[in-house]
Protein chains: 2
Amino acid sequence: MKKTAGREPAVSKKISEKKEQIRLHLKQKGFKATRQRDIIAGEFLRSGEHVTAEDLYKNISRKHDDIGFTTVYRTLKLLSRSGLATERVFADQLTRYEPISSESHHDHLICLKCGAITEFENLKMERLQEKIADEFGFHIVTHKMEFYGYCRACR
Amino acid sequence: MKKTAGREPAVSKKISEKKEQIRLHLKQKGFKATRQRDIIAGEFLRSGEHVTAEDLYKNISRKHDDIGFTTVYRTLKLLSRSGLATERVFADQLTRYEPISSESHHDHLICLKCGAITEFENLKMERLQEKIADEFGFHIVTHKMEFYGYCRACR
DNA sequence: CATATTATTGAAATTGAATTTCATTTTCTT
DNA sequence: AAGAAAATGAAATTCAATTTCAATAATATG
Ligand SMILES: [Mn+2]
Ligand SMILES: [Mn+2]
Ligand SMILES: [Zn+2]
Ligand SMILES: [Zn+2]
C-alpha cells in the first residue's frame, strides 16, 4: 500500500501548482506542452536542490531512456526563464539549478569537505549590503554571497 | 626625459619587492627565473586589476611577440600559488587575476552596463558573516561576495 | 478525423576557455 | 663547457555549455 489516501501532502500540491505555472508560460509564449517537459519539470521540482543538468538527466534516464540530455538541459533553461528555477554557479564552475520556492532569496554555505550546501537568509545582511552599495551610489540588481569552509559535521 | 631622477615612485618600489618575492618562491621550489616570467610578472603587477590571461597576453605580445599565451597563463597560475595574485571568477565565468595588495581582502561591485569593477571592504560585514556561519556551526575558509547592478555613472 | 503548420526532440557537431602534451630551448649547477 | 632539470610555445585535448539539423510530435484548422 503505497498510495496516499485522503489529502495529498503539501509538496505534491505545490508541484501541481508549479506545473500549472509552466503551462501558462508555455501557452503565453506560443510553446508546446510535451510529455518530456512534463516529466522533466516534475522530476526537477521534486528533486533535491542544486542539481546540474547532468545530475537530473541521469536520474530521469533511469526510468525514461528516451529522454535526451539536450532536452533536460533546455527544459531547465526554460524553467529558469519561466521564473520557476534559478541558475547557480558555485566554486566548481558547474551550472546548477534550484526550484524557486516561495521563500524567495537565500544565500549558501558550502562545505569544502563533504560538499553539503546549506541555505540561509539574513535580513540584517541584506540591509547592510544595500547600505554599502548606497555609499558608492551603486544600485544592486542581484548579488552573490557564498561561504566556503567546513560544516559542523566535517570540521 | 622619461627617467625619474631622485627616489622611485611608491608603485615601482612595491613591484620590485614583489618581484623579489617571486624569485624567493622560485628558488625555494627549485624553479627557474626566466626572462618571460620577469616580463609577465612585471606587466601584471603594474597592470590594471582583474585581467584575464587573454587580456594580459594581448598587452604583452604587442612588445614581446615571442611570449606565448601558454606562458602568460602559467605565470599567472604561478603568481597565484606564490601568494602574489588571486583568481577571481565573476558572472561572465572568465578567470581573472588581480595582484594581492597589502590591503588584503576586499569584495566587488560590478556594473552590468559598463562593466566597471569597484572594490570595497567592510568590517561590519565580515563580522556579520562570521556570526551567521557560527549559527550553523560552520567554519568559513573563504567567501565570495559580489554585487551586480548599476554604478553611479550608469544608472 | 485528416492535414497543415510550427515547435520540439535528440544525436551529433560546435564552441570556447582552461589545461595538457611534447619536442625544443633555456637556465642553472658542477 | 657539459649535463641535468625545468621552461617554453604551438598544437592538441578536455569538458561543460550551446547550437545545428533532420526527424518527430503537438496543436490549430477545416
Ligand atoms: Mn539554494
Ligand atoms: Mn579586486
Ligand atoms: Zn561537510
Ligand atoms: Zn557602470
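Keep in mind that this is a model prediction, so the values were computed, not measured.

A. Here's a closer look at the protein's contact with DNA strand D. Close contacts around DNA strand D come from 21 residues, with Tyr73(A), Thr34(B), Asp66(B), Thr71(B) and Arg74(B) the closest. Backbone atoms, meaning sugar and phosphate, form 68% of the atoms of DNA strand D found within 4 Å of the protein. Note that a base nitrogen of DNA strand D is positioned 3.4 Å from one of the side-chain N or O atoms of Thr70(B). Here a base nitrogen of DNA strand D sits 2.4 Å away from a polar atom, N or O, in the side chain of Arg74(B). Among the elements of the structure, helix 4 (69-81) of chain A together with helix 2 (35-46) and helix 4 (69-81) of chain B are those that each provide at least two residues to the surface near DNA strand D. The dominant element in the surface near DNA strand D, judged by the number of residues it contributes, is helix 4 of chain A, at 5 residues. Per-class residue counts for the surface near DNA strand D are 6 nonpolar, 8 polar and 7 charged.

B. Main features of the environment of Met125(B). Tracing the backbone through its elements, the reader meets Met125(B) in helix 5 (residues 123-135). A residue is classified by how much of its surface remains accessible, and Met125(B), at 0% relative accessible area, is buried. With 21 residues separating them along the chain, Met125(B) and Glu146(B) place their C-alpha atoms 13 Å apart. Look past the residues within four positions of Met125(B) in its chain and what remains in contact with it is Met125(A), Leu128(A), Gln129(A), Ile132(A) and Met145(B).

Conventions adopted
Residues numbered from 1 in each chain as written. Chains lettered and ligands numbered in written order. Predicted model: local features only at pLDDT ≥ 70, side-chain atom pairs only at ≥ 80, totals over all residues. Heavy atoms only, no water. Near = heavy atom within 4 Å. Polar contact = N/O pair within 3.5 Å; in protein donor to acceptor, adjacent residues only side chain to side chain. Helix = DSSP H or I, 4+ residues; strand = E, 2+ residues; numbered from the N terminus. Nonpolar A, V, L, I, M, F, W, Y, C, P; charged D, E, K, R; others polar. Buried < 20%, exposed > 50% of the residue type's maximum accessible area, 1.4 Å probe, protein only. Contact = heavy atoms within 4.5 Å.

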